[in-house]
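Residues per chain, in single letters:
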Amino acid sequence: MTKTQVAIIGAGPSGLLLGQLLTKAGIDNIILERKSGDYVLSRIRAGVLEQGTADLIREAGAGARMDKEGIIHTGTDFSFQGEHHHLDLEKYSGGKHVIVYGQTEVTRDLMEEREKAGGVTVYEADNVKLHDIDSDNPYVTYHHNDEPFRIDCDYIAGCDGFHGVTRKSIPHDKLVEYEKVYPFGWLGLMSDTPPVHDELVYCAHERGFALCSMRSETRSRYYLQVPDTDTIDNWDEDKFWDELKRRIPPEMAERLVTGPALEMSIAPLRSYVCETMQYGKVFLLGDAAHIVPPTGAKGLNLAASDVETAFRLFVKIYNEGRTDLIPRYQEICLARVWKAVRFSWWMTMFLHRFESAGRFDFRVQQAEFDYFIHSEAGKTTIAENYVGLPFEALE
Ligand code: FAS
Ligand code: PHB
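Rules used in this analysis
- Residues numbered from 1 in each chain as written.
- Chains lettered and ligands numbered in written order.
- Predicted model: local features only at pLDDT ≥ 70, side-chain atom pairs only at ≥ 80, totals over all residues.
- Heavy atoms only, no water.
- Salt bridge = Lys/Arg side-chain N within 4 Å of Asp/Glu carboxyl O.
- Helix = DSSP H or I, 4+ residues; strand = E, 2+ residues; numbered from the N terminus.
- Buried < 20%, exposed > 50% of the residue type's maximum accessible area, 1.4 Å probe, protein only.
- Axes fitted to C-alpha atoms, helices over the stretch in contact; angles between N-to-C directions.
- Parallel < 35°, antiparallel > 145°, perpendicular 65-115°, else oblique.
- Left-handed = near helix turned anticlockwise from the far one by under 90°.
- Contact = heavy atoms within 4.5 Å.
- Nonpolar A, V, L, I, M, F, W, Y, C, P; charged D, E, K, R; others polar.
- Patch = residues over 30% accessible without salt bridge, like charges linked within 9 Å, V, L, I, M, F, W, Y side chains within 5 Å.
- Areas by Shrake-Rupley, 256 points an atom, 1.4 Å probe, with all protein chains shown as cover.
- Near = heavy atom within 4 Å.
- Polar contact = N/O pair within 3.5 Å; in protein donor to acceptor, adjacent residues only side chain to side chain.
- Pairing = 2+ DSSP bridges.
- UniProt positions renumbered as here; feature names shortened; annotations may be inferred.
- Arc of directions from axis to C-beta.

Going by the annotation in an unreviewed UniProt entry, the name recorded for the protein is 4-hydroxybenzoate 3-monooxygenase, with Psychrobacter coccoides given as the source organism.

Visitor: Even after reading the chapter, I still don't get the pattern of salt bridges, so can you show me in this structure?
Guide: Two side chains bearing opposite charge may form a pair once their charged atoms approach each other closely. Summed over all chains, the structure comprises 27 salt bridges. In this structure, the salt-bridge partner of Glu50 is Lys298, at a minimum N-O distance of 2.6 Å. In this pair, Glu50 sits in strand β4 (residues 48-50) while Lys298 sits in the loop between β21 (290-291) and α10 (299-320), placing the two residues 248 residues apart along the sequence. For Glu50, a relative accessible area of 4% translates into the label buried. By relative accessible area, Lys298 is classed as buried at 4%. Salt bridges linked by common partners bring Arg65, Glu69, Glu105, Arg108 and Asp109 together as one network.

Visitor: Is there a simple way to think about the packing of helix α3 (residues 51-59) against α10 in this case?
Guide: Helix-helix packing is characterised by the crossing angle of the two axes and by the distance between the axes. Here α3 crosses α10 at 50°, and the two axes come no closer than 9 Å. As far as their axial angle goes, α10 and α3 are oblique. Taken as a pair, α3 and α10 cross one another with a handedness that is left-handed. Of the residues in α10, those in contact with Thr53, Leu56 and Glu59 of α3 are Asn301, Ala304, Val307, Glu308, Phe311 and Arg312. Of the residues assigned to the contact of α3 with α10, the class counts are 4 nonpolar, 2 polar and 3 charged.

Visitor: Explain a nonpolar patch on the surface here, please?
Guide: There is a patch of nonpolar side chains on the surface, built from Val176, Tyr178 and Trp338 and spanning about 260 Å² of accessible area. Secondary-structure assignment places Trp338 in helix α11 (residues 326-351).

Visitor: Even after reading the chapter, I still don't get the site of ligand 2, so can you show me in this structure?
Guide: Close to ligand 2 lie 14 residues, the nearest being Tyr202, Ser213, Arg215, Tyr223 and Pro294. The separation between an oxygen atom of ligand 2 and a polar side-chain atom of Tyr223 is 2.6 Å. With respect to ligand 2, the backbone of Ala297 contributes an N or O atom lying 3.3 Å from an oxygen atom. Contact with the protein chains covers 98% of the free accessible surface of ligand 2, which is 280 Å². Those elements that provide at least two residues to the shell around ligand 2 are β16 (210-214) and β17 (220-227). Partitioned by chemical class, the residues of the shell around ligand 2 number 8 nonpolar, 3 polar and 3 charged.

Visitor: Whenever I open this one, the sheet that holds strand β8 (residues 98-100) confuses me. Can you help?
Guide: Hydrogen bonds between backbone groups are what pair the strands of a sheet, and the pairing can be parallel or antiparallel. With antiparallel pairing, the 3 strands of this open sheet are ordered in space as β4-β8-β5. The two strands at the open ends of the sheet, each matched to only one other strand, are β4 and β5 (71-73). The average angle at which neighbouring strand axes cross in this sheet is 35°, direction not considered. In terms of strand pairing, β5 meets β8 through 3 bridges, oriented antiparallel. Counterpart to Ile71 in the pairing with β8 is Val100. In the packing of α3 onto the sheet, contacts are made with β4 and β8, and the angle to β4 comes to roughly 85°.

Visitor: Help me understand the site of ligand 1 in this model?
Guide: In the vicinity of ligand 1 lie 29 residues, with Ser14, Glu33, Arg43, Arg45 and Gln103 positioned nearest. Here an oxygen atom of ligand 1 sits 2.9 Å away from a polar atom, N or O, in the side chain of Arg45. The separation between an oxygen atom of ligand 1 and a polar side-chain atom of Asp287 is 3.0 Å. Relative to its unbound accessible surface of 990 Å², ligand 1 loses 86% to contact with the protein. Going through the elements one at a time, α1 (13-24) and α10 are the ones with two or more residues in the shell around ligand 1.

Visitor: Where do I start with the UniProt feature "domain: FAD-binding" (unreviewed entry) in the protein in this structure?
Guide: Listed under "domain: FAD-binding" (unreviewed entry) in the UniProt record, and renumbered for this structure, are residues 3-344. End-to-end, the C-alpha atoms of residues 3-344 are 40 Å apart, and along that stretch the chain is 33% helix and 32% strand.

Visitor: Please clarify how α3 should be interpreted in this entry.
Guide: Because the α-helix completes a turn every 3.6 residues, residues three or four places apart line up on one side. Among the residues making up α3, those that are buried are Thr53, Ala54, Leu56 and Ile57. Take α3 and look down its axis: the buried residues cluster within an arc of 160°, on one side only. Of the surrounding elements, those touching the buried residues of α3 are α1, β4, α4 (64-69), β8, α6 (103-116) and α10. One or two residues past the end of α3 sits Gly61, with phi positive at roughly 80°.

Next comes the structure, spelled out in structure tokens:
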């Protein structure tokens, strides 16, 4: 039987970032991850980091490559039916910017720093179970190579994503949940081609939404809105490029460099919030507690803000005995979660085509675009949410 202070379930960005911060603060922790490290790195996910997220990665000692290879973006772009507009994020957010640096690279950097620091991560941990989570002696059991193990701990951080075991370990009658499922998904394509524009371009079009993003100056990431009934078998890279050219501004379509797909996949879009983010000795962080449509580039960044609050709380508990602050975790996280859920929902409604929408709805959507992209108040609203709202202090 092993003893640790914080048992972390999941080695995605939430678990690894929390683990690295705790280790640097001298708080003992063990991460249990269901998959292999290579599998975790194979998942193509987010691409945009808020400044607060980048600062936390630096505080965790894992920011060197991000600062060297990440691309600072002081603006982002929108188009409606091919009409292209630049939004100066720095001007309308009071001087802030975002960093384009893939979640895969963040995860890789955190894995490497954890290994250097001698942090314990058990990959391919099967059958993870949480026990006595509302007692003073919680513990976790799991199997590795078919051998049973037990970890006794003070607290359990559920960083195991939407399909993880931690949220499901909280009594169902204690869970307060909200969900909205959108009638479409995003078909993503990664290619080793130069990005079509030097900033991200969010394109609203009557054929459907498209997003032009990137990972570097030689690697592009594109998305197309597809019906929720669509499957990857209906698509090949040529069909993808042809449809993308129809939805982006004509001058961009002309200069688009196409190439073989390194990866193509469809992600469903949903908004989900579990307001029970702390129960007994269990804390939920990141996708274990909330899911947002990627339209607002908030998923990874919201996970990082949960980590920031949880980390500050654990330091207060272990250094000053401040268990009275435990209820503040859920209060602070939910205030930020719902603002990010609102922004991600609004960006999704603002930019996507709804089959159920009629001519009137499309004209109202056009007026919404026209107002937000041309008014000072509209540009400020988009910019300050997109670059990320400030973190709230624990006390
Ligand atoms: P994660 O899901 O990343 O990590 C959870 C980890 O827990 C996984 O490694 C999993 O294997 C492990 N786990 C699960 N169950 C377990 C168990 N029982 N025992 C042990 N381990 C277990 N966000 C954006 O901002 N922009 C995007 O473009 C974007 N695209 C996305 C595309 C897809 C297909 C998905 C699913 C998400 C996307 N997201 C995007 C959101 C995504 O980036 C998440 O916000 C981010 O991965 C959250 O990180 P974690 O909370 O660590 O959860
Ligand atoms: C990405 O590059 O994967 C990306 C960027 C911004 C978003 C969503 C996805 O809003």
